[in-house]
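# Survey of secondary and tertiary structure
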Amino acid sequence: PMSDIGKKTRSSSVTRAIRVLGDRWSILIIRDAFMGVRRFQDFLERTGTSRATLTNRLQSLVRSGILKRVKYSEAPARYEYRLTDKGRDLYALSLTAWSWERRWAPKGAGIPLRLFHRACGHETFPTVACSHCGEPLSIRETYYRPGPGANARAPSAPARYRRLSALTSATHRGSQAALTHIADIVGDPWTPLVLATAFFGLRRFDDIQRELGIATNILSTRLELLVRQKILAKHQYSAQPQRYEYRLTAKGRDLFSYALLLNRWGDKWLATAAGPPYYLVHANCEKRVTPEVRCSHCHAELVPGSVTAKSGAMATS
């Protein structure tokens, strides 16, 4: 039912996670933290952001418990930023983002050509699988059941997120371009929420607007972005008056794995005292599952430090 779809989007752990991670610069900072970057100047050079913005985002990630600030020099006092357990738990999400970007980002976007799983020694293409039966998870084979926190609602989006960043992967100023294409799409709290409504089956402008409580001009901008990036396709369903709906493309459906991992992280770290709002169920085995990122060769779960790339092992702290 439409009302049930609405409750899912508003109270989902994805919505809560977006409040913490739904920002272009936070995504790129976490990207670099997993590559072993710890110091302010290195983050500054790799992300291409301003000093003021970087300071703001680092402070936010520290307040959120994703990074911790550690002194490494007494005179003068110098600090570095290290991943916490909560931050390291974003490893699977980062691998999923890499996998999506490797498939869909334009050529020359800075994606490592190959990833290798240390345990089996083979090249790996991280895949999101059901933790119970081990089969790949897709949007067509999963559904949700209400959890104990289903009636909780996420807070409204902060006003500072009303505008999209003018910087995109095409104009990126940093020294590292990896994951900038996916940051164009999910690096804004409104855009992934619009995408989430598509995953829950909403297609029409009025339905999406009513569900999210989003201003019409903001929704129009986000839908235009998703169509331009070929995440959604615009289809006319009425001639008089002209009306259109927005359907997921193959590229858009492939972002479902990213949403699953974002939801898993939100369930673990951001759920209310009542518990997770919804449980994911895999239609293939009819079991409640926790999605896992696995090696495409040996099918073992990929954990922090288990994967190497051209630039070396992804860091764990």
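Bear in mind that the values here come from a model prediction, so they are computed numbers and not experimental data.

Turning next to the environment of E135. Assignment of secondary structure puts E135 in the loop between β4 (127-129) and β5 (142-146). Considered as a pair, E135 and H299 are 164 residues apart in the sequence and their alpha carbons are 9.9 Å apart. In this structure E135 touches A129, C130, H282 and N284, once residues within four positions along its chain are discounted.

Restricting attention to buried positions, one finds in helix α10 (residues 205-212) the residues I208, E211 and L212. Each buried residue of α10 lies within a common arc of 85 degrees when the element is viewed along its axis, so the set occupies one face. Residues D206 and R210 are exposed on α10 and point more than 90 degrees away from its buried face. Trailing α10 by a residue or two, G213 shows a phi angle of about 65 degrees, which is positive.

Moving on, we come to the packing of helix α9 (residues 190-199) against helix α11 (residues 216-228). At a minimum axis distance of 10 Å, the contact between α9 and α11 shows a crossing angle of 75 degrees. On the basis of the axis angle, α9 is roughly perpendicular to α11. For the pair α9 and α11, contact is made by W190, T191, V194 and L195 and by I218, L219, R222, L223, L225 and L226, respectively. Classifying every residue of the contact of α9 with α11 gives 8 nonpolar, 1 polar and 1 charged.

What follows concerns the nonpolar core. Most often, soluble globular proteins have nonpolar side chains that are buried together. In terms of nonpolar packing, the biggest core is built from 81 residues, with L21, L255 and Y258 touching the most fellow members. Apart from residues lying up to four places away in sequence, L21 is in contact with S26, I27, I30, I66, L90, L93, L262 and W265.

This brings us to the confidence of the model for the protein. On average, the protein scores 87 in pLDDT, and the residues at 70 or more come to 87%. Per-element averaging of pLDDT across the protein places helix α1 (residues 2-11) at the bottom with 52 and helix α6 (residues 85-88) at the top with 97. Every residue in residues 1-6 scores below 50 in pLDDT, and together they form 7 contacts with partners more than four places removed in sequence or on other chains. For residues 157-161, every residue scores under 50 in pLDDT, and the model assigns this stretch 10 contacts once sequence neighbours within four places are set aside.

Here T191 is to be found in helix α9. Side chain to side chain, T191 and D188 meet in a polar contact 2.7 Å long.

The next thing to look at is the sheet that holds β5. Spatially, 3 strands are ordered β5-β8-β9 in an open sheet, and the strand pairing comes out antiparallel. Looking at the sheet topology across the chains shown, the edges are occupied by β5 and β9 (287-288). Here β5 runs beside strand β8 (residues 278-282); their pairing, made up of 5 bridges, is antiparallel. If you follow P146 over to β8, its bridge partner there is Y278.

Within the secondary structure, S26 is located in helix α3 (residues 24-34). The class of S26 is buried, set by a relative accessible area of 4%. Excluding its chain neighbours within four sequence positions, the residues that come into contact with S26 are V20, L21, R57 and L61.

Pairs may arise between side chains of opposite charge once their charged atoms sit close together. Across all of its chains, the model carries 20 salt bridges by this definition. A salt bridge links R294 to E292; the shortest N-O distance between them is 2.9 Å. When its relative accessible area of 16% is taken as the criterion, R294 is described as buried. Connected through salt bridges with shared partners, the residues R38, R39, E80 and R82 form a single ionic network.

About the criteria used
Residues numbered from 1 in each chain as written. Predicted model: local features only at pLDDT ≥ 70, side-chain atom pairs only at ≥ 80, totals over all residues. Heavy atoms only, no water. Helix = DSSP H or I, 4+ residues; strand = E, 2+ residues; numbered from the N terminus. Contact = heavy atoms within 4.5 Å. Buried < 20%, exposed > 50% of the residue type's maximum accessible area, 1.4 Å probe, protein only. Arc of directions from axis to C-beta. Axes fitted to C-alpha atoms, helices over the stretch in contact; angles between N-to-C directions. Parallel < 35°, antiparallel > 145°, perpendicular 65-115°, else oblique. Nonpolar A, V, L, I, M, F, W, Y, C, P; charged D, E, K, R; others polar. Core = buried A, V, L, I, M, F, W, Y, C linked by side-chain atoms within 4.5 Å. pLDDT = per-residue confidence, 0-100. Polar contact = N/O pair within 3.5 Å; in protein donor to acceptor, adjacent residues only side chain to side chain. Pairing = 2+ DSSP bridges. Salt bridge = Lys/Arg side-chain N within 4 Å of Asp/Glu carboxyl O.

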